[in-house]
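Below are the chains, spelled out letter by letter.
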Amino acid sequence: MYEGFVFYESFYDALSDLPDDVRVIAYDSICRYALYGEEPDCSGVVKTVFKLVRPQIDANNKRREAGRKGGQADRKQTASKPEANESKQEANLKQIEANSEQNEAKEKVKVKEKVKVKDKEKEKAKEKAKEEDALTRSGIEPDSELGKEIRNFIEHRKRLRKPMTDHAIDLFIKRLFEMAQSDQERVQLIQTAILKGWQTVYPEEHEKPKAKSKNSFNNFEQRTYDYDELEAMLIGVGT
């Protein structure tokens, strides 16, 4: 039994996203284990969180016991070697603090990495739901061949660093249905666009429109000249 224990910020971060009722159970399980050594009877998320914080609690308790035993031994030798014992005890305390800080830093890194992974998973799930909603609005089964190919094109746009908004996805699907009459034709249009690195689809009988070459004289009216006539006029002027 201990009078207290260290509750790290990493513990709080791990518990903060839990529902209120689950978080209370998790807090109680951690406290009873840290203070009284009682093994919690838990499952699910609470069990996962407890497994995450338990190694740090155990490590702190072991350091506390080691410090307590070291302090008792030092007190026995205080009468004969007071200065040496004090230096040794101080060194032990510094080492314990250093180890605690290192473990805490490592634990924070682990928790932050897990939070990052969790956030990425949430973002992926959100993006997937958005894509499926767009397909459903257009009457397309998300798991159909056309649905999968449309999602491939959305991912293709992300790789081009040109992500599509909800409205852009709706317009893209509308364009597909205007250009092709069957799902197989629509799939082919998408595959061609991905293969050629386009940002949209184009009719099969046409290539992507080529960009006009820039010309600083494009704004001037171009004329055709009869150079023989011009030469004769110049000669006539000189005579």
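Look up a bit, the structure's there.
Just so you know, these numbers come straight off a predicted model, no measurement behind them.

Draft legend 1. The arrangement of the overall build of the protein in detail. Regarding its fold elements, the protein presents eight helices and zero strands. Seen in sequence order, the protein has helices and strands lined up from the N terminus as α-α-α-α-α-α-α-α. Sorting the 239 residues of the protein into buried and exposed places 25% on the buried side. Residue pairs at least 24 apart in sequence account for 55% of intrachain contacts in the protein once pairs closer than 6 positions are excluded.

Draft legend 2. Fine view of the side chain of glutamate 149. Considering the arrangement of structural elements, one finds glutamate 149 in helix 5 (residues 145-159). The charged side chain of glutamate 149 is buried without a salt bridge, its nearest counter-charge being arginine 159 at 8.7 Å.

Draft legend 3. Region of interest: the environment of asparagine 103. With respect to the helices and strands, asparagine 103 occurs in helix 4 (residues 82-137). C-alpha separation for the pair asparagine 103 and glutamine 56, spaced 47 residues apart in sequence, amounts to 7.6 Å. Residues within four places of asparagine 103 in sequence aside, it is in contact with Gln56 and Arg63.

Draft legend 4. Molecular detail of the packing of helix 5 against helix 7 (residues 183-196). For the pair helix 5 and helix 7, the least separation of the axes is 10 Å and the interaxial angle reads 20 degrees. As the angle between them shows, helix 5 and helix 7 are arranged roughly parallel. Crossing geometry of helix 5 relative to helix 7 is assigned as left-handed. Counted together, Glu145, Leu146, Glu149, Ile150, Asn152, Phe153 and His156 of helix 5 and Asp183, Gln184, Arg186, Val187, Ile190, Gln191, Ala193 and Ile194 of helix 7 form the full contact between these two elements. The residue inventory of the contact of helix 5 with helix 7, partitioned by class, reads seven nonpolar, four polar and four charged.

Draft legend 5. Fine view of the packing of helix 6 (residues 166-179) against helix 7. Running from N to C, helix 6 and helix 7 point in directions that differ by 120 degrees, and their axes come no closer than 9 Å. Taken as axis vectors, helix 6 and helix 7 run oblique relative to one another. Judged by the twist between their axes, the crossing of helix 6 over helix 7 is right-handed. Here Phe172, Leu176, Phe177 and Met179 of helix 6 lie close against helix 7, whose contacting residues are Arg186, Leu189 and Ile190. Counted by class, the contact of helix 6 with helix 7 contains six nonpolar, no polar and one charged residues.

Draft legend 6. How the structure looks around the pattern of salt bridges. One pass over the full model with this rule turns up 13 salt bridges. The partner of arginine 23 in a salt bridge is aspartate 20, with the nearest N and O atoms 2.6 Å apart. In this pair, arginine 23 and aspartate 20 both sit in helix 2 (residues 20-36), three residues apart, roughly one turn of the helix. According to the relative accessible area criterion, aspartate 20 is exposed, its value standing at 54%. In this structure, a network of salt bridges that share partners links the residues Glu127, Lys130, Glu131, Arg151, Glu155, Lys158 and Asp166.

What counts, and at which threshold
- Residues numbered from 1 in each chain as written.
- Predicted model: local features only at pLDDT ≥ 70, side-chain atom pairs only at ≥ 80, totals over all residues.
- Heavy atoms only, no water.
- Helix = DSSP H or I, 4+ residues; strand = E, 2+ residues; numbered from the N terminus.
- Buried < 20%, exposed > 50% of the residue type's maximum accessible area, 1.4 Å probe, protein only.
- Contact = heavy atoms within 4.5 Å.
- Lys, Arg positive; Asp, Glu negative; His and termini not counted.
- Salt bridge = Lys/Arg side-chain N within 4 Å of Asp/Glu carboxyl O.
- Axes fitted to C-alpha atoms, helices over the stretch in contact; angles between N-to-C directions.
- Parallel < 35°, antiparallel > 145°, perpendicular 65-115°, else oblique.
- Left-handed = near helix turned anticlockwise from the far one by under 90°.
- Nonpolar A, V, L, I, M, F, W, Y, C, P; charged D, E, K, R; others polar.

Honestly, that's just the spatial picture; any functional story needs more than this.
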